[in-house]
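# Structural description and commentary
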Amino acid sequence: QVQLVESGGGSVQAGGSLRLSCEASKNTYTRRYCMGWFRQAPGKEREGVAAVWTIGGGALYADSVKGRFTVSQDIAKNTLYLQMNSLKPEDTGMYYCAAKTTGYGCSRLSGDEYNYWGQGTQVTVSS
């Protein structure tokens, strides 16, 4: 099974930056999985933010974060990152990393397709 632990959340003013980390269990990056970032604000549905293949490259971003957020990973450390720049109040929410270990596609930001989830890290952006 895959275990995921997020960190790096906090409070920041609009226009600021944060980098989130997601440490995955030891063997996660030995296979071709999808790793994704999702977020959920109070009273709103969970939405996809970004996704990347563990092996083979390629990244997918939600339109709302394109040009501001960048997903990356350190394969040796089994760690996924989300660099968030030019943060806006509407970026506020609980951020989760997730793994999709079934199927062969990694082209949709659909949380229903991901089968392992971390506990989340809170991001709060003030004006």
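Here the residue index of a chain counts from 1 through its sequence in written order. Totals for whole chains, interfaces and linings use all residues, but because this is a predicted model, local features are given only for residues with pLDDT of at least 70 and pairs of side-chain atoms are given and counted only at 80 or more. Side-chain metrics in this entry use all non-hydrogen atoms of the structure; hydrogen atoms and water are not considered.

### Examining the sheet that holds strand β7 (residues 69-74)
Sheet strands pair via backbone hydrogen bonds, and the direction of the pair is either parallel or antiparallel. What counts here: Two strands are said to pair when DSSP picks up at least two bridges between them. Under the scheme used here, helices are H or I runs from DSSP no shorter than 4 residues and strands are E runs no shorter than 2 residues, and both carry numbers assigned from the N terminus. Axes, fitted as lines to C-alpha atoms, cover a helix only where it is in contact. Angles between the N-to-C directions of the axes lie from 0 to 180 degrees.
With antiparallel pairing, four strands are arranged side by side in an open sheet as β1-β3-β8-β7. What marks the edges here is a single partner per strand, and that holds for β1 (4-7) and β7. Each neighbouring strand pair of the sheet contributes to a mean axis angle of 15°, computed without reference to strand direction. Pairing analysis gives four bridges linking β1 to strand β3 (residues 18-24), with the strands arranged antiparallel. Bridged to V5 within β3 is E23.

### A few points about the pairing of β3
Threshold: Each residue's exposure class comes from its accessible area (1.4 Å probe, protein chains only) as a fraction of the maximum for that residue type: buried when under 20%, exposed when over 50%, partly exposed otherwise.
Where burial is concerned, most of β3 is hidden: five out of the seven residues are buried. The pairing of β3 with strand β8 (residues 79-84) spans six bridges and is classified as antiparallel. Note on β8: the bridge partner recorded for L18 is M84.

### Looking at the packing of aromatic side chains
Two aromatic rings are characterised by how far apart their centres lie and by the angle between their planes. Quick reminder of the rule: Note on ring pairs: Phe, Tyr and Trp rings are taken, using the six-membered ring of Trp, and paired if centres are within 6.5 Å. Classes follow the plane angle, with under 30 degrees stacked, over 60 edge-to-face and the rest tilted.
Taken as a whole, this structure holds four aromatic pairs when the rule is applied. Aromatic side chains Y96 and W117 sit 6.4 Å apart centroid to centroid with 80° between the ring planes, which places their arrangement in the edge-to-face category. Taken together, the residues Y96 in strand β9 (residues 93-100) and W117 in strand β10 (residues 116-117) connect sequence positions 21 residues apart. An aromatic cluster is defined as three or more aromatic residues linked by ring pairs; in this entry it consists of F38, Y96, Y114 and W117.

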